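A structural walkthrough
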Amino acid sequence: MPSILIPIQIVLILFLLFAFSRVYLRFREGTVHYGTFLFWSAIWILAMVGVLYPNFTTWLANKIGIGRGADAVIYISLAIIFYLLYRTNVFVENIRQEITELTR
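These remarks concern the structure in this document. (Residues numbered from 1 in each chain as written. Predicted model: local features only at pLDDT ≥ 70, side-chain atom pairs only at ≥ 80, totals over all residues. Heavy atoms only, no water.)

Another aspect to go through is the overall build of the chain. Counting its secondary structure elements, the chain contains 4 helices and 0 strands. In summary, the chain has a C-alpha radius of gyration of 18 Å against a globular reference of 13 Å for 104 residues, an excess of more than 25%. C-alpha atoms of the chain, sized along the principal axes, occupy 65 × 35 × 20 Å. Each of the 104 residues in the chain was classed as buried or not, and the buried ones make up 18%. In the chain, once contacts between residues fewer than 6 apart in sequence are set aside, the share between residues at least 24 apart is 51%. (Helix = DSSP H or I, 4+ residues; strand = E, 2+ residues; numbered from the N terminus. Rg over C-alpha atoms; globule rule 2.2 N^0.38 Å. Buried < 20%, exposed > 50% of the residue type's maximum accessible area, 1.4 Å probe, protein only. Contact = heavy atoms within 4.5 Å.)

Right, here's the structure in full:
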């Protein structure tokens, strides 16, 4: 871990710990399935690694052919967001169809 944390790192670490705690509590309550828990845990842990070790994102970016670590994080984040948006749309469409069938 870096010897000196800058203020934005402290804020981000606190947020990531809070986000992880929400996922963990929902998993313990049974409202989040094991796969969902693993997915979000991996997201928050990777984000924490990126916050604590910014050079890791640069190394990763260079491995996949992108110049800067911040660019790699943005590209990967956008891909994940679009995938989650797609899954949400499919879920909503399925619910809409079920409601239609139930009302008929």
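There is more to say, and it comes next.
In terms of nonpolar packing, the biggest core is built from 10 residues, these being Ile13, Leu16, Ala19, Val23, Val32, Phe37, Trp44, Met48, Val51 and Leu52. Looking at this core, the element that brings in the most residues is helix H2 (residues 34-52), giving 5 residues. (Core = buried A, V, L, I, M, F, W, Y, C linked by side-chain atoms within 4.5 Å.)

Below, the discussion takes up the packing of aromatic side chains. Summed over all chains, the structure comprises 8 aromatic pairs. When the ring of Phe15 is compared with that of Trp44, the centres are 6.2 Å apart and the planes differ by 90°; the resulting orientation is edge-to-face. Of this pair, Phe15 sits in helix H1 (residues 7-29) while Trp44 is found in helix H2, placing the two residues 29 residues apart along the sequence. According to the relative accessible area criterion, Trp44 is buried, its value standing at 18%. (Phe/Tyr/Trp six-rings, centres within 6.5 Å; stacked < 30°, edge-to-face > 60°.)

Another point: the packing of helix H3 (residues 54-63) against helix H4 (residues 69-103). Two elements in contact, H3 and H4, have axes whose closest approach is 7 Å; the angle formed by their N-to-C orientations is 75°. By the angle between their axes, H3 is roughly perpendicular relative to H4. Of the residues in H4, those touching H3 at Thr57, Thr58, Leu60 and Ala61 are Gly69, Ala72, Val73 and Ile76. Tallied by class, the residues present in the contact of H3 with H4 amount to 5 nonpolar, 3 polar and no charged. (Axes fitted to C-alpha atoms, helices over the stretch in contact; angles between N-to-C directions. Parallel < 35°, antiparallel > 145°, perpendicular 65-115°, else oblique. Nonpolar A, V, L, I, M, F, W, Y, C, P; charged D, E, K, R; others polar.)

Compared with an ideal rise of 1.5 Å per residue, which puts 35 residues at 51 Å, H4 spans 51 Å between its outermost C-alpha atoms and is within 8% of the ideal. When we look at burial in H4, the residues that qualify are Gly69, Asp71 and Ala72. Considering only its buried residues, H4 is in contact with H3. (Expected span 1.5 Å × (residues − 1).)

Moving on to the side chain of Gln9. Tracing the backbone through its elements, the reader meets Gln9 in helix H1. Apart from residues no more than four positions distant in its own chain, Gln9 is found in contact with Ile4, Val51, Leu52 and Pro54.

With that settled, consider the pattern of salt bridges. For the structure shown, the criterion picks out 3 salt bridges. A salt bridge links Asp71 to Arg68; the nearest nitrogen and oxygen atoms lie 2.9 Å apart. The partner of Glu93 in a salt bridge is Arg96, with the nearest N and O atoms 2.6 Å apart. Separated by 3 residues within a single helix, Glu93 and Arg96 lie in helix H4, roughly one turn from each other. Judged by relative accessible area, which is 31%, Glu93 ranks as partly exposed. The class for Arg96 is partly exposed, based on a relative accessible area of 45%. (Salt bridge = Lys/Arg side-chain N within 4 Å of Asp/Glu carboxyl O.)

These results come straight from atomic positions and should not be treated as a statement about function.
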